[in-house]
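Close look at the chain arrangement
Listed below, chain by chain, are the residues.
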Amino acid sequence: MDNNHIPKNSPESSAINSAESSPKSNVSSDVLHENHHKEEQQQQQLQQQLQQEQQPTTPQSEPTRHVQDNSNNEEGIEMDRIAENSNINVPSNVGESSLKTISGYPSSKNTEAGSSSSGKKEEDYNYRSTWVPKLHQELFENPEVLESRRTKQRASNYRKTLEREKEGIKPLDNILEELKANANGLTKAEAQKRLEEVGPNAIPDVKRYPILEFLYFMWNPLSWTMEVAAIVSIALLDWVDFILICALLLLNATIGFIEENTAGNAVEALKNSLVSQIRCMRDGEWVMLPSPDLVPGDVVMLKIGAIIPADCRVIEAEQVKIDQSSLTGESLPVTKKVGDEVYSGSAMKQGEAKCIVTATGVNTFFGRAANLVQETEGHGHLQVILRNIGLFCISFIAIWVLVELLVDFLGYDGYCHGVGGGRCLPLNNALVLLVGGIPIAMPTVLSVTMAIGATQLSKKKAIVSRLASIEELAAMDILCSDKTGTLTLNILTVDEPLAIGDTPKEDIVFHAFLACSEGEDQDAIDKAISNYCRDTYPNLDYKGNEIVKHFPFNPEDKKAMGLVNGPNGKQFKAAKGAPQIILREADNYKQVGEAVEKEIENLADRGYRALGVSISYDAPDFKVWHFEGLIPLFDPPRHDTEDTIKRALEMGVSVKMITGDQLAIAKETARRLGMGGNLFTIPYLENNDLGVSEGEVIEMADGFAEMWPEHKYKVVEQLQKRKHVVGMTGDGVNDAPALKKAQIGIAVAGATDAARSVSDIVLTSSGLSVIIDAIITSRKIFQRMRNYVIYSVAATVRICTTFGILTVAWNFKFPTIATVIIAILNDGTMLTISKDRVRARNEPDQWNLFEVFTMALCYGFYLVGSTIVFFAIIHDGTWFHDAINLRILTDNELRGLIYLQVSISGLATIFVSRSQGFSYFERPGNLVIFAFVMSQVVATFIGVYGFRGYPHDSASDDPDYPQNGTNFQGCGWGWAVCAWIWCFLWYIPMDFIKLGVTYILRGKIEPINKDALRKIYGWFGKEIPKESVQVSHKVAEEQARRDALHVPAQDTHHKSVATDNTKA
């Protein structure tokens, strides 16, 4: 079995973690021993290195303290540590004064200010720069740089934990005394008082610098090009162009600052809506509280899957293991016992613990550092895409600027006559390309589009925790979906129990009831059993059997238990869980084992999950168990799941079921959902008789049964190796590695905090349809970004090539002010693209820069042709004058006409780039239409009336100076109408260019979408012809895949090792 399924940030070996999370995994003991030995050596080397780093700073008067090596402990590295900074009240021999006690709560003994060390603590953490806008931080920062920063911080955290291990730990009684609290928690009044004093249990946002954030919008390669143009303008004493270029920079920064702050705040609000709820004792009663409301002294109950909300000390513990890998990089979970510390931000890997809160917010041991290292790791490509597009545009501009200058200075013997008043036309004309060709608004448009898309996804019941995951969700082609709660209703129905031997049925149900948890901690199985028992057998002795202690479900032994005081005063234990596990521990296994296993198979064939129940009266050790019977459970499929799966397939997304249930149950569920019957177990995948590799079987399978959490990781890894973009759903702490490994980790509704913390998307509603809706929305968001990028690159190609050719071929100069206005009107208009009305593609979408650049070049060069032909006819001929009696234009008036034609045809390109078929049949959003109309109305008036001859650059006394070199005058209304008609005629073929290029690159096109076709038929009072009886090519391909892989049921069933891997 492949063991490479540990989070990427783990510094230790992965094999031990595999063995820890799954004792029954198929790894040989020799391999485990070898890997364990390697990890011990790595751990010792790391600790020796840390000691060597610390020795130079150790005072000579203080003896060197050695760190105890606990790496031999299979349960993980135990760390009983004590504070070393201002937030901790360390023992007196350390000699550090502090304002805070170990709890982080003010001590009566230490009331004087001691915030200097606290300030130092803040400086120790190199958290994110406070002057970078939040959306830019998330979308455009280099993922490798961020990961390097996290790795360094985890190493620093691990060093701190080793330092803390050197000190003695304060007794728990002392902590309770300092906190003025006890195991019964706080009163509401006292908790409110402490909340006002210490503040909420949250890491406050770092101090923001709005002015620096505003200036940051002018600090990127695209803006640098504009800033170079501004420097050139001021060097030429071209004050008007300088002011206009600066105005364009400030306008872009202002719009970006406002839009991104608004959108960023909306995204933050969505993330904050995912605040975890903690079971806390107030006034002697257990209540559910938001984690920010916790204060030092609160008593909380932590269950498996919970993210520890604050630094705590353990009061009661039951088989507790804590996962600190996200904080320190340790691969092994750490065992905790009564009196131990648990750190805020770590996860409950196993067991249940009653704890008292000792520190909250920034006063916790790791403070702000916990926020940095726990951020969801990204796989997004937006930063790379933006960099490549910017490089393409800047390179294209640089080439044309060089060509222009060479032709001007060498071909036309141009030279500068000085500065100011247009006396250096070659450089003035180069500014046209620098200013007009830069898509300066691109970062803002892309980031705002993503942020608005996250808000749209939230309306579809999907909260985005990592913004860049939107583009990955659009590219997803395989979804590995949980069965329970996603494909099914997660409403368990209890059927009539099956008794083994002479045990009455009511005893089986009642003993299962006694093994259930109570109150808010009940899961779906507990609720189903409890409700069934009370409704069916209301007269049982519920009061006479007191549940003294509940042992929660443990993923390792797959059972839950209850310790009960019976009516006769004797104690006994009741257990429920995976029937094979319960059966094998029973003293009557030999007598009833064969019959029970046959019943389990019969139930599985009908789609029922079986729950085993046993009882033990062997107090106090409880080593002798008696198997009593089975309780059938049924989770019906959702009524819309079958249609949703077909819909997903039509969208190019293959849905693979992943379940811990038996293979027979999985196949029955798949049959009801129409998913195909090619479901396998991991043992079969590793030893299949199909003659293909394990990865090929995983790729072609319809689903997987009897899956352990580490198996999920393996499935994701194999699919990614085969170049698939994988989405994975999960809900438990053990699903975290697979959720983190997948490009899109999806925490389903009701998921644990641990699963949600590593997921990219958190669902707030159950069902597969929620995920499909999110996919459609993400593809629309991606379409908006792609449409704008194609338009922007096409505009760069068009502006540079058009005015470059006019200069090279005709020595026709253009004023910079005109291109600045084009940039302001057109780029300002394009901000509306983030809310455009688009149609999602029926196939996964991802960035293909070759396709983007090809489309943009085709559009750009075509538009260049429309302008050059228009110019040549007017400049070198008299056809318009002879044919329609339009007056002959001077060069100054021709500039007004060319400006109008370039503005109209350029901005109209967005209507072509935004549509998949003919643009006439895909209506844009109302906001886009309004922005286009308003901007082109302004452009028309400018083209008609011009700038009254500005720039007046004919004042030079040099007789060789070209008079009226870039004067801009209006062309009049007749020519303006002509320009509009000319643009419309040249617009029509652009759709055919798009469809032709699309067919060449993709091999298929859809000229008219079905909705538009339906409307066209409706105009003539007809209905669209019904689709052929034959299924679509996607469905046909999927069916062929299933047929090629079809394996008889008995071939997979007998190799499934169902009895070992059934999940309760």
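Source: prediction; values computed, not measured.

Here we come to the overall build of the protein. When its secondary structure is counted, the protein shows 40 helices and 22 strands. Residues classed as buried in the protein amount to 58% of the 1064 residues present. With an accessible surface of roughly 43,900 Å², the protein has 55% of that area assigned to carbon and sulfur atoms.

Quick look at the environment of Leu492 now. Looking at the element boundaries, Leu492 is found in the loop between helix H17 (483–487) and strand E10 (493–494). Note: C-alpha distance between Leu492 and Ala528 (36 residues apart in sequence) is 6.0 Å. If we ignore the near neighbours within four places in the chain, the residues touching Leu492 are Ala524, Ile525, Ala528, Arg609, Leu633, Phe634 and Asp635.

Below, the discussion takes up a positive patch on the surface. A contiguous patch of positive charge on the surface is contributed by Lys460, Lys780, Arg837 and Arg923. Looking at the element boundaries, Arg837 is found in the loop between helix H30 (816–830) and helix H31 (849–876). Residue Arg837 is classed as partly exposed on the basis of its relative accessible area, which comes to 39%.

Turning our attention to the packing of helix H9 (residues 221–235) against helix H14 (residues 425–436). The interhelical angle for the contact between H9 and H14, taken along N-to-C directions, is 155 degrees, at an axis separation of 9 Å. On the basis of the axis angle, H9 is roughly antiparallel to H14. The handedness of the crossing between H9 and H14 is left-handed. Along its contact with H9, which presents Thr225, Met226, Ala229, Val232 and Ser233, the element H14 presents Leu431, Leu434 and Val435. Considering only residue class, the contact of H9 with H14 consists of six nonpolar, two polar and no charged.

With that out of the way, let us pick up helix H22 (residues 641–650). Among the residues making up H22, those that are buried are Thr641, Thr644, Ile645, Ala648 and Leu649. Viewed along the axis of H22, the buried residues span an arc of 140 degrees, placing them on a single side of the element. A positive phi of about 85 degrees marks Gly652, the residue just after H22.

What the rule picks out here adds up to 34 aromatic pairs. Note on Phe880 and Trp982: the rings are 6.4 Å apart at their centroids and 65 degrees apart in plane angle, and the pair reads as edge-to-face. Of this pair, Phe880 sits in helix H32 (residues 879–884) while Trp982 sits in helix H35 (residues 973–987), and the two are 102 residues apart along the sequence. For the pair Phe880 and Trp982, one class covers both residues: buried. One aromatic cluster in this structure is built from Tyr862, Phe870, Trp879, Phe880, Trp975, Trp982 and Trp986. Cation over ring: Arg534 sits above Tyr542, and NZ or CZ is 4.7 Å from the ring centre. Between the NZ or CZ atom of Lys559 and the centre of the ring of Trp625, over which it lies, the distance is 5.3 Å.

Tallied over the full model, the rule gives 27 salt bridges. For the salt bridge of Asp773 with Arg647, the shortest nitrogen-to-oxygen distance reads 3.6 Å. A residue pair is termed long-range when its members are at least 10 positions apart, and Asp773 in helix H29 (residues 768–810) and Arg647 in helix H22 qualify at 126 residues. Judged by relative accessible area, which is 26%, Asp773 ranks as partly exposed. Judged by its relative accessible area of 39%, Arg647 falls in the partly exposed class. A network of salt bridges, in which partner residues are shared, links Arg786, Glu843, Glu851 and Arg1002.

Below, the discussion takes up the environment of Pro426. With respect to the element layout, Pro426 can be found in helix H14. Residue Pro426 is classed as buried on the basis of its relative accessible area of 5%. Linking Pro426 and Thr807, residues 381 residues apart in sequence, is a C-alpha distance of 9.5 Å.

The subject of this paragraph is the packing of helix H15 (residues 442–459) against H29. As a packed pair, H15 and H29 sit with axes 10 Å apart at the nearest point and diverge in direction by 165 degrees. Classified by the angle between their axes, H15 and H29 sit roughly antiparallel to one another. In the packing of H15 onto H29, the handedness of the crossing is right-handed. Of the residues in H29, those in contact with Met442, Val445, Leu446, Thr449, Met450, Gly453, Gln456 and Leu457 of H15 are Ala774, Thr777, Ser778, Ile781, Arg784, Met785, Tyr788, Val789 and Ser792. Taken together, the residues of the contact of H15 with H29 sort by class into ten nonpolar, six polar and one charged.

Read across the sheet, eight strands follow the order E8-E22-E21-E20-E9-E17-E19-E18 without closing on themselves; strand pairing throughout is mixed. The sheet is open, and its two borders are formed by strand E8 (462–464) and strand E18 (679–680), each paired with just one other strand. Two strands pair when backbone bridges link them, and strand E9 (residues 478–482) and strand E17 (residues 654–658) are joined in this way by five bridges, in the parallel orientation. Across the sheet, the residue bridging to Leu479 is Val655, located in E17.

This part takes up a nonpolar patch on the surface. Nonpolar side chains collect at one region of the surface, where Tyr920, Phe921, Val977, Ile981, Phe984, Leu985, Ile988 and Phe992 lie side by side and expose about 770 Å² of accessible area between them. By residue number, the principal contributor to the nonpolar patch is H35, which donates four residues. Assignment of secondary structure puts Phe992 in helix H36 (residues 990–1002).

For the protein, per-residue confidence averages 77 on the pLDDT scale, and 76% of positions sit at 70 or higher. For the protein, the element scoring lowest by mean pLDDT is helix H1 (residues 15–21), at 34; H35 scores highest, at 96. Confidence over residues 49–129 falls short of pLDDT 50; this stretch has 174 contacts with residues more than four positions distant or in other chains. Between residues 1027–1033, whose pLDDT stays under 50, and residues either more than four places distant or in other chains, the model counts four contacts.

Procedures and definitions
- Residues numbered from 1 in each chain as written.
- Predicted model: local features only at pLDDT ≥ 70, side-chain atom pairs only at ≥ 80, totals over all residues.
- Heavy atoms only, no water.
- Helix = DSSP H or I, 4+ residues; strand = E, 2+ residues; numbered from the N terminus.
- Buried < 20%, exposed > 50% of the residue type's maximum accessible area, 1.4 Å probe, protein only.
- Areas by Shrake-Rupley, 256 points an atom, 1.4 Å probe, with all protein chains shown as cover.
- Contact = heavy atoms within 4.5 Å.
- Patch = residues over 30% accessible without salt bridge, like charges linked within 9 Å, V, L, I, M, F, W, Y side chains within 5 Å.
- Salt bridge = Lys/Arg side-chain N within 4 Å of Asp/Glu carboxyl O.
- Lys, Arg positive; Asp, Glu negative; His and termini not counted.
- Charge placed at Lys NZ, Arg CZ, Asp CG, Glu CD.
- Axes fitted to C-alpha atoms, helices over the stretch in contact; angles between N-to-C directions.
- Parallel < 35°, antiparallel > 145°, perpendicular 65-115°, else oblique.
- Left-handed = near helix turned anticlockwise from the far one by under 90°.
- Nonpolar A, V, L, I, M, F, W, Y, C, P; charged D, E, K, R; others polar.
- Arc of directions from axis to C-beta.
- Phe/Tyr/Trp six-rings, centres within 6.5 Å; stacked < 30°, edge-to-face > 60°.
- Lys NZ or Arg CZ within 6 Å of the ring centre and 35° of its normal.
- Pairing = 2+ DSSP bridges.
- pLDDT = per-residue confidence, 0-100.

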